[in-house]
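Now for the letters of each chain:
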Amino acid sequence: MADYRVEMDRGMCISCGNCIETCPDIWEFADDGISSIKDADTQGDLQVKVLDDLGCSVDAAERCPVLCIHVFDGEQELA
Ligand code: SF4
């Protein structure tokens, strides 16, 4: 059974916008000008969100120039 989640370290984000352009269903710019996962659990700079399906999350992770987005299926890192 799929156990997808996406994680992001906002402290590394350079606000290039690639994730938002690639996957606006999941990412948006927050009021502080840094990309943010919509409706994520947030602890400090770390955001985590469980996904029902991968959608465009892997594409977004692969387009992040600073590699601060990671997508998992359980313990397996997909991107
Ligand atoms: S692609 Fe990466 S660096 Fe660019 S806005 Fe998204 S999280 Fe930030």
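Here we summarise the structure given alongside this text. (Residues numbered from 1 in each chain as written. Predicted model: local features only at pLDDT ≥ 70, side-chain atom pairs only at ≥ 80, totals over all residues. Heavy atoms only, no water.)

## Side note on the overall build of the chain
Next, step 1: Scanning the chain for helices and strands turns up two helices and seven strands.
Next, step 2: The C-alpha radius of gyration computed for the chain amounts to 11 Å, which stays within 12% of the reference 12 Å derived for 79 residues, consistent with globular compactness.
Next, step 3: Expressed along its principal axes, the backbone C-alpha trace of the chain runs to roughly 35 × 25 × 20 Å.
Next, step 4: Taking all 79 residues of the chain together, the buried fraction comes to 39%.
Next, step 5: Of the contacts formed within the chain by residues at least 6 apart in sequence, a portion of 57% connects residues at least 24 apart.
Next, step 6: Total accessible area computed for the chain in this model is approximately 4700 Å², and 46% of it derives from carbon and sulfur atoms.
Next, step 7: Across the chain, the mean location of the 5 positive side-chain charges is 4 Å away from that of the 18 negative side-chain charges. (Helix = DSSP H or I, 4+ residues; strand = E, 2+ residues; numbered from the N terminus. Rg over C-alpha atoms; globule rule 2.2 N^0.38 Å. Buried < 20%, exposed > 50% of the residue type's maximum accessible area, 1.4 Å probe, protein only. Contact = heavy atoms within 4.5 Å. Areas by Shrake-Rupley, 256 points an atom, 1.4 Å probe, with all protein chains shown as cover. Lys, Arg positive; Asp, Glu negative; His and termini not counted. Charge placed at Lys NZ, Arg CZ, Asp CG, Glu CD.)

## Digging into the packing of aromatic side chains
Next, step 1: This structure, assessed with the given rule, holds zero aromatic pairs.
Next, step 2: If you follow Arg5 out to its NZ or CZ, it ends over the ring of Phe72, 4.3 Å from the centre. (Phe/Tyr/Trp six-rings, centres within 6.5 Å; stacked < 30°, edge-to-face > 60°. Lys NZ or Arg CZ within 6 Å of the ring centre and 35° of its normal.)

## So, the pairing of strand E6 (residues 69-73)
Next, step 1: Relative to E6, strand E1 (residues 4-9) runs antiparallel, the two being bridged by five bridges. Residue pairing across strands places Val6 opposite Val71, the latter belonging to E6.
Next, step 2: Following E6, the chain reverses through two residues before pairing antiparallel with strand E7 (residues 76-77); Gly74 in that reversal takes a positive phi of roughly 65 degrees. (Pairing = 2+ DSSP bridges.)

## Remarks on the site of the ligand
Next, step 1: The environment of the ligand is formed by 14 residues, the closest being Cys13, Cys16, Gly17, Cys19 and Cys64.
Next, step 2: Among the residues making up the shell around the ligand, the classes are represented as ten nonpolar, four polar and no charged. (Near = heavy atom within 4 Å. Nonpolar A, V, L, I, M, F, W, Y, C, P; charged D, E, K, R; others polar.)

## A few points about empty space enclosed by the protein
Next, step 1: Counted according to the given criterion, the structure contains one cavity of 30 Å³ or more.
Next, step 2: Volume-wise, the largest cavity comes out at about 80 Å³.
Next, step 3: Around the largest cavity sit 14 residues that line it, and Cys13, Cys16, Cys19, Cys64 and Pro65 are the ones nearest its centre.
Next, step 4: Of the residues assigned to the lining of the largest cavity, the class counts are ten nonpolar, three polar and one charged. (1 Å grid on protein atoms, 1.4 Å probe; cavity = no way out; pocket = protein on both sides within 12 Å on 5 of 7 lines; lining within 4 Å. Points joined across faces, edges and corners; volume = space filled by probe spheres on them.)

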